[in-house]
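Fold and contact review
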Amino acid sequence: ATIRRVGEVTCSSCGRVSRVRPAAPGRPVCPSCGSRLPWIVEAGEGTFAAEVDTPVPVVADFWAPWCAPCRMIAPGLEALATERAGDVKVVKVNVDEAPGLAARYRAMSIPLVVVLSRGEEVDRLVGALPPRELAARLAPALERARG
């Protein structure tokens, strides 16, 4: 699957462009062929709680558009969502637009990646890593979050 922009995915199986709804029950699948789709959404102060209340582990990405390291890890998080389609949800939080969430999760430095299970923190990672190292670093926390 290819992520065109947050919330819009091109299915790698059939090529259909689909919108992945935020806070949807279950797991996103392609309406044409039934393949699992990556689940990447944006969240703010009013939507975060609903976005992280999912049956799958959540990787919350606290970022800002001006942050070069944040932009550096974005492809790695997209790859993680694609490789683990249906088994993980990436929730992007712009700290400039959601200062209350940034304070609540103690996002003193960004990028900050927090792994959540049903809204409860399982692990966190501060700083940027190349995509493969990021996936390797997050894998144990995602397994714990699946519990």
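Conventions used here
Residues numbered from 1 in each chain as written. Predicted model: local features only at pLDDT ≥ 70, side-chain atom pairs only at ≥ 80, totals over all residues. Heavy atoms only, no water. Core = buried A, V, L, I, M, F, W, Y, C linked by side-chain atoms within 4.5 Å. Buried < 20%, exposed > 50% of the residue type's maximum accessible area, 1.4 Å probe, protein only. Helix = DSSP H or I, 4+ residues; strand = E, 2+ residues; numbered from the N terminus. Expected span 1.5 Å × (residues − 1). Bend = angle between axes of the 7 residues up to and from the residue. Contact = heavy atoms within 4.5 Å. Phe/Tyr/Trp six-rings, centres within 6.5 Å; stacked < 30°, edge-to-face > 60°. Lys NZ or Arg CZ within 6 Å of the ring centre and 35° of its normal.

**Here we look at the nonpolar core**
Grouped together as the largest cluster of nonpolar side chains are 30 residues, with contacts concentrated most on Phe48, Phe62 and Leu116. Secondary-structure elements contributing two or more residues to this core are β4 (39-42), α1 (48-52), β5 (58-63), β6 (89-94), α3 (99-104) and β7 (112-117). Considering each element in turn, this core owes the most residues, 4 residues, to β5. Among the nonpolar cores identified, the runner-up in size contains 16 residues, and Ala81, Val90, Ala141 and Leu142 belong to it.

**A short note on helix α2 (residues 68-83)**
If you check α2, its first and last C-alpha atoms are 24 Å apart, about what 16 residues at 1.5 Å a residue would give, namely 22 Å. A bend of about 25 degrees at Ala74 is the largest found in α2, and the proline Pro75 appears one to four places after it. Three or more residues of α2 are buried, namely Cys70, Ile73, Ala74, Gly76, Leu77, Leu80 and Ala81.

**Some points on the environment of Pro57**
Position of Pro57 relative to the elements: it lies in the loop between α1 and β5. The spatial distance from the C-alpha of Pro57 to the C-alpha of Arg146 is 6.0 Å, given a sequence separation of 89 residues. The contacts of Pro57, once residues within four sequence positions are left out, are Asp87, Val88, Lys89, Leu116, Leu142, Ala145 and Arg146.

**Describing the packing of aromatic side chains**
Summed over the entire model, instances satisfying the criterion amount to 3 aromatic pairs. Judged by centre distance (6.3 Å) and plane angle (45 degrees), the rings of Phe48 and Phe62 are tilted. Within this pair, whereas Phe48 is found in helix α1, its partner Phe62 is found in strand β5, the two being separated by 14 residues in sequence. According to the relative accessible area criterion, Phe62 is buried, its value standing at 0%. Following the ring pairs from residue to residue traces out a cluster consisting of Phe48, Phe62 and Tyr105. Stacked on the ring of Trp63, the Lys or Arg Lys92 has its end atom at 5.1 Å from the ring centre.

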